[in-house]
Number of protein chains: 2
Amino acid sequence: MRRVMIALVLAGCSFPLFAQAAPAFVNTLMPEPAQLTAQQGSFALTASFNISLAGVHDDRLDSTISRTLHQLEMKTGLEFSHQTPAGDGGALVIDAVSTGNKIQSIDEDESYSLNITPQGAKLHAATVVGAMRGLATLVQLVQTTREGYFLPAVSIEDSPRFRWRGLMIDCGRHFEPIPVLERTLDGMAAVKLNVFHWHLTEDQGFRIESKIFPKLTGMGSDGLFYTQDQAKALVEYARQRGIRVVPEFDMPGHTTSWFVGYPELASAPGPYQIQRVFGVHDGAIDPTRESTYKFLDKFIGEMAAIFPDQYMHIGGDESNGKQWKSNPEIQKFMQQHGIKDTGALQAYFNTRLLKIVEKHGKRMVGWDEVLNPGLPKDVTIQSWRGIESLSAGAKQGYAGILSAPYYLDAMKSSETHYLADPIPASSDLTAEQQKLILGGEICMWGEQLDGRTIDSRIWPRSAAIAERFWSPATVTNVDDMYRRLWVESIQLESLGLTHLTQQDAGLRELAGSENIAGLRLLASVLEPVSFGERYHGQHTSQLTPLDRLVDAVRPDPPSRHTMNLLVRDFLKNPAGMVNEREQLNATFQQWLAATPELQRQMTRSPLLAEAQQRAQQLPGLATTGMEAVGYLSNGTKAPAGWKQGKLAILADAKKPDALVRFTVLDALTNLVNAVQEQ
Amino acid sequence: MRRVMIALVLAGCSFPLFAQAAPAFVNTLMPEPAQLTAQQGSFALTASFNISLAGVHDDRLDSTISRTLHQLEMKTGLEFSHQTPAGDGGALVIDAVSTGNKIQSIDEDESYSLNITPQGAKLHAATVVGAMRGLATLVQLVQTTREGYFLPAVSIEDSPRFRWRGLMIDCGRHFEPIPVLERTLDGMAAVKLNVFHWHLTEDQGFRIESKIFPKLTGMGSDGLFYTQDQAKALVEYARQRGIRVVPEFDMPGHTTSWFVGYPELASAPGPYQIQRVFGVHDGAIDPTRESTYKFLDKFIGEMAAIFPDQYMHIGGDESNGKQWKSNPEIQKFMQQHGIKDTGALQAYFNTRLLKIVEKHGKRMVGWDEVLNPGLPKDVTIQSWRGIESLSAGAKQGYAGILSAPYYLDAMKSSETHYLADPIPASSDLTAEQQKLILGGEICMWGEQLDGRTIDSRIWPRSAAIAERFWSPATVTNVDDMYRRLWVESIQLESLGLTHLTQQDAGLRELAGSENIAGLRLLASVLEPVSFGERYHGQHTSQLTPLDRLVDAVRPDPPSRHTMNLLVRDFLKNPAGMVNEREQLNATFQQWLAATPELQRQMTRSPLLAEAQQRAQQLPGLATTGMEAVGYLSNGTKAPAGWKQGKLAILADAKKPDALVRFTVLDALTNLVNAVQEQ
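- The name recorded for chain A in an unreviewed UniProt entry is Hexosaminidase, from Acidipila rosea.

## Regarding the side chain of Ser 462 of chain B
All names here are of chain B.
Right, on to step 1. Looking at the element boundaries, Ser 462 is found in helix H16 (residues 461-470).
Right, on to step 2. Polar contacts involving the side chain of Ser 462 include one to the main-chain carbonyl oxygen of Ile 458, which spans 2.9 Å.
Right, on to step 3. Not counting chain neighbours up to four residues away, the residues in contact with Ser 462 comprise Leu 167, Leu 193, Leu 408 and Ile 442.

## Let's talk about the confidence of the model for chain A
Close reading of the predicted structure is inappropriate where its pLDDT is low.
All names here are of chain A.
Right, on to step 1. Per-residue pLDDT for chain A averages 95, and the proportion of residues at 70 or more is 97%.
Right, on to step 2. Between residues 1-20, whose pLDDT stays under 50, and residues either more than four places distant or in other chains, the model counts 31 contacts.
Right, on to step 3. Predicted complex metrics record ipTM = 0.94 and pTM = 0.95.

## Some thoughts on the pattern of salt bridges
Right, on to step 1. Applying the stated criterion across every chain, the model contains 79 salt bridges over all chains.
Right, on to step 2. For Arg 163 of chain A, the salt bridge goes to Asp 107 of chain A, with nearest N and O atoms at 2.8 Å. Here Arg 163 of chain A is found in the loop between strand S7 (148-158) and strand S8 (164-170), whereas its partner Asp 107 of chain A is found in the loop between strand S3 (92-98) and strand S4 (112-117), with 56 residues between them in sequence.
Right, on to step 3. Relative accessible area serves as the criterion here: at 33%, Arg 163 of chain A is assigned to the partly exposed category.
Right, on to step 4. Its salt-bridge partner being Arg 484 of chain B, residue Asp 480 of chain B comes within 2.9 Å of it at the nearest N-O pair. On the criterion of helical spacing, the pair formed by Asp 480 of chain B and Arg 484 of chain B is a turn pair, its members being four residues apart in helix H17 (residues 478-494).
Right, on to step 5. Using a relative accessible area of 1% as the deciding quantity, one classes Arg 484 of chain B as buried.
Right, on to step 6. Overlapping salt bridges, with partners in common, bring together Glu 32, Glu 467, Asp 480, Arg 483 and Arg 484 of chain A in one network.

## Regarding the UniProt feature "domain: Glycoside hydrolase family 20 catalytic" (unreviewed entry) in chain A
Right, on to step 1. UniProt's feature table lists "domain: Glycoside hydrolase family 20 catalytic" (unreviewed entry) at residues 162-472 of chain A, given in the numbering used throughout.
Right, on to step 2. Between the first and last C-alpha atoms of residues 162-472 of chain A the distance is 9 Å; the span itself is 38% helix and 14% strand.

## Overview of the relation of the copies chain A and chain B
Right, on to step 1. Rotating chain A by 180° about the axis while translating it 0.0 Å along that axis superimposes it on chain B, leaving an RMSD of 0.0 Å. As the rotation angle and translation indicate, the two copies are arranged about a two-fold axis. For chain A, the residue whose C-alpha comes nearest the rotation axis is Thr 501 of chain A, separated from it by 2.7 Å.
Right, on to step 2. Here 100% of the interface residues in chain A have copies in chain B that are interface residues too; the copies meet face to matching face.

## A short note on the interface of chain A and chain B
Right, on to step 1. Chain A puts 62 residues into the contact, and the matching count from chain B is 62 residues.
Right, on to step 2. Between chain A and chain B, roughly 5,600 Å² of surface is buried when both sides are summed, and carbon and sulfur atoms account for 59% of that area.
Right, on to step 3. Where chain A touches chain B, the interface holds six salt bridges.
Right, on to step 4. The salt bridge partner of Glu 493 of chain A is Arg 508 of chain B, with a shortest N-O separation of 2.7 Å.
Right, on to step 5. Summed over the shared surface of chain A and chain B, the result is eight residue pairs in polar contact (both at pLDDT 80 or more).
Right, on to step 6. At the level of elements, helix H1 (2-11), helix H2 (59-76), strand S6 (143-145), S7, helix H17 (478-494), helix H18 (501-511), helix H20 (531-538) and helix H24 (606-609) of chain A are the ones that each hand at least two residues to the side of chain A that touches chain B.
Right, on to step 7. Residue classes in the side of chain A that touches chain B are distributed as 22 nonpolar, 18 polar and 22 charged.

## Quick look at the domain arrangement of chain A
Right, on to step 1. Its domain assignment divides chain A into domain 1 (9-158), domain 2 (164-477) and domain 3 (501-674).
Right, on to step 2. Between the C-alpha centres of domain 1 of chain A and domain 3 of chain A there is a distance of 41 Å.

The rules behind these values
Residues numbered from 1 in each chain as written. Chains lettered and ligands numbered in written order. Predicted model: local features only at pLDDT ≥ 70, side-chain atom pairs only at ≥ 80, totals over all residues. Heavy atoms only, no water. Helix = DSSP H or I, 4+ residues; strand = E, 2+ residues; numbered from the N terminus. Polar contact = N/O pair within 3.5 Å; in protein donor to acceptor, adjacent residues only side chain to side chain. Contact = heavy atoms within 4.5 Å. pLDDT = per-residue confidence, 0-100. Salt bridge = Lys/Arg side-chain N within 4 Å of Asp/Glu carboxyl O. Buried < 20%, exposed > 50% of the residue type's maximum accessible area, 1.4 Å probe, protein only. UniProt positions renumbered as here; feature names shortened; annotations may be inferred. Least-squares fit on C-alpha atoms with pLDDT ≥ 70 in both. Buried area = accessible area lost by both parts, 1.4 Å probe. Nonpolar A, V, L, I, M, F, W, Y, C, P; charged D, E, K, R; others polar. Domains from an automatic or database assignment.

Next up, the structure:
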């Protein structure tokens, strides 16, 4: 009896065959394709969906197809055939012309076209990697209605604006376990990022095994490092997703961890210990000794065999020159060789290093500071200082990658990152110089991160930046970006990313309880302060426990833009926008309702109590909003002095406290300012 | 300016030194120790807390100390020294007498004593493993108040009731990635489970690399298997946590995946394919050919080198004998050797297999069915059929492990598992026979699991069962168990387990949105049906996408016991229990309030729509509860027929639907039955 009933219920859900009503196409693609034309109708996704291969394929395309089918299965509950016969008999026909390079090159053709009709879908691409990009688009295209799942009839012609669309993760200051990096690569592939820049060495830790120099990790990593096998496996994991891996070995500065085992590399005598404090330290490789270059030749050669990408990053940032200035031998060397300052000495080091890197078949990338007079033109500059320094490089003929506006630890909004363009409309670069701008790279520095918090710092903001790197420069509608971002955020979560779950987990840990309704509400309108504010406020080091409210909350949560949008729409016609008014009031009511329980909860532990003031400020924000909405929708005036009082409340809430800031103050300020006084 | 303000705020949270007010000791230990005496006062945990070693130590204790300190740091936000000097100068002095066995034995002495006074703590243990158990207790002892963190003054003498406290995970039917197993081991160590039983081979997949027989995984695993290096690393990971790893190679049945690459092992000609359907299949190893034993000798020898534990599990369950009966050669062999039936043939196989297992230095474990006449007494029986078969084995002199009442896929409550005792008070075993009951093992079968859902199936219920295996038989207070379980559940989450986060993630995926308040409420009063009900209802196979509401919800969520408790207390004096009445009404109001949005949301996709009826039933349950509470607290009678109508609503909600069931029906039934009619 029981068995039959359940079977009937479930049978009721597998009726997409009967549901051919074409739903309106809602574009939830991120990044936006270069060209999309919506057609009439749609293709119903049923259990008979399958894929055939009209062109070439390789292990990368095969595994991407398998993952794509799995994603579609999890999205729809349908079970698909994983057989991929040759020919054009499939519901989706993939036609890739060439397998491209086994080791994906920077020049890989990633373009594809995707045509979906009510009869089926065709994906055409010049290379396997292009086909993989098309499959990422396909997954995002799925439309869900109560009746079933559909692929809308569309015609897409797509190719990236920039060749280099990267994400850097600093695994030096905090080690990130392999599963964290794997799920990050899954997320990158979903939004068509194509370079994983692996920052592997820092003052705080040397993270990649060297068999030639075992003391690098043996003494410089606290046991937290990637074995060569793990690194190779991760490179392969990335390759299967169309992602290049560029390793970084930062030198001559940021090298304290090297010196713990090999003090003879340093420019001042040891002994050295792993540096726990962040910032710019004096330790620097001695560029004047031949033994240095012998060491680096062996080391770079060993690494070149693990990381097959064309490019290798040698860091080069923030070398302060102090050890060089205070070492008489180095000073003598500079005099003898006519090297006039430490900048020139770093240029000498880079030139020697470049020869080694090139000897091992690699092209060299370095941060801004490597750009010194005399630097050969075949070095690529990654700009963390700003678009001006990137442009300056391009004008001198250097290829460049922009990173300055994409520092995730600045805790800026998706919107801010999104609107920063590697080649802004105002650029004075010539067309030829613009070609030298390879693209951009998101930077996730690791000072205040661990494996639990990293996802919410990277996602979903990186999806918005990925669109900047891929889509046409004209795609700049912020509201539409956010609408699509919230959809993509859920898709990223289903790939295994923890950017959404981590907040509640952190709140439960703080509360010691599953009952976090009030805390969840408070957290929804808070975000972390910037790296710098936290660093100065908390004096974080590598050993600081990352277990505070600031670690639980996430940058640019939906509350900020949602509230801005609501207020903007409401203010267009306060008397008429009933829906917006009700939503605003419901939100403010929720804040008020949560307050008593929340304030009780904040006294449960020191870690909560330190953020108690934020909970105390919440009802004031709620009443500010409610009163403003009341005056505005009734068309009445507030008593004289009301505005000043409310703006004082908002100003108070804006003050730094507990390393978190409110996301809704701009919206509330706009509301208050719109009120007229008697 | 900003910098100074934040620093001041944070400074405000590091004042535990000034907060010596001793909080009342609240026991949140799980498992309960054998003996605990609470003393006056407490020891304040401050940044100066450190550990010294008065006795021996080894890599296991060192790494456990490091993890313990990290857990304490994350709990308190304090940064501790990780130096562990010799002597008794530490705030916590650990005195372990012996390092015990490098490969932990079943007879390892796990006892310890822990004494905490306002001046400090002393942990004494006969072995390093005992000290590790004591550290797990220490972490659970931490008391949090607004003023700071404390270790209560207690005196604990602790040792386990059973030597074998296991958790089996079936990685055959669905592969579980290494990180899943690692976090499971972390959870096991926290609640003092000490055996990880790794079910590595099944009809649906062969999961462990054999270098001698590469086709086992090459053709029998879909590429989803553990390399030998990974397996060794996991064994070491477990060893560092005081957990033995017992591998299982299930035979002669459940072996289809072996035969894909090696059909010559089977009792019927091939070819074979990986079996996607669950259940008992006919494929069985041919026990009559010498080549079988040559194969097994090599294979067992290879595995014995990877898994250092004393014990090896050879399965032995559910071999239906059909292939043996239909193979003339095998029939002839049986006649020639006087083997009267397939049971006797399996006994013959086991006897031969036992010799091989023992040759490679292992003791053999098998499921119930290996217990056939003539089975040597040195085989240990794991009972999945029930306590009777375990007792029958003990009476014949076989050591045994109880599993039948600990099948997590039955989706029973923690309470039900908790009250099942390997040696119940009613046992008729002699004292000598009772010694043969080594303990118990929780079984997590993998038919309807994946890496996303497994945690909520295992945790926190396994913590309650772990208490059954460790604590005295007299510890049976269910209410107190639940009170401590909800606390431990949060601690397990902070170890990285996803049993709490997975529900929201699943709901967001179903909704395609972050807005899941209504769904979250519905899910809070639902739980999955049993494996059997789902299997018959959905016809799940290895290829079924596990993406439904049933996959998101968790077994025995807090709602069940919380509601039972509230109703029980309320019914003691309905007119007087104001607090309980208000809590009940608030809960029912929440259900009602969520209903409109919830019902809209359930129409968003087929996967939600299939559970729509559950959402439609929720308001009926709410009004039933509210009306009952109203009558009872007012002391008024319901109109005639009211009860019948409400019980019909509850009966309707109890019917199978959408593979989920309500958790609150018992409580509501009790409420309704307490109402008097006119």
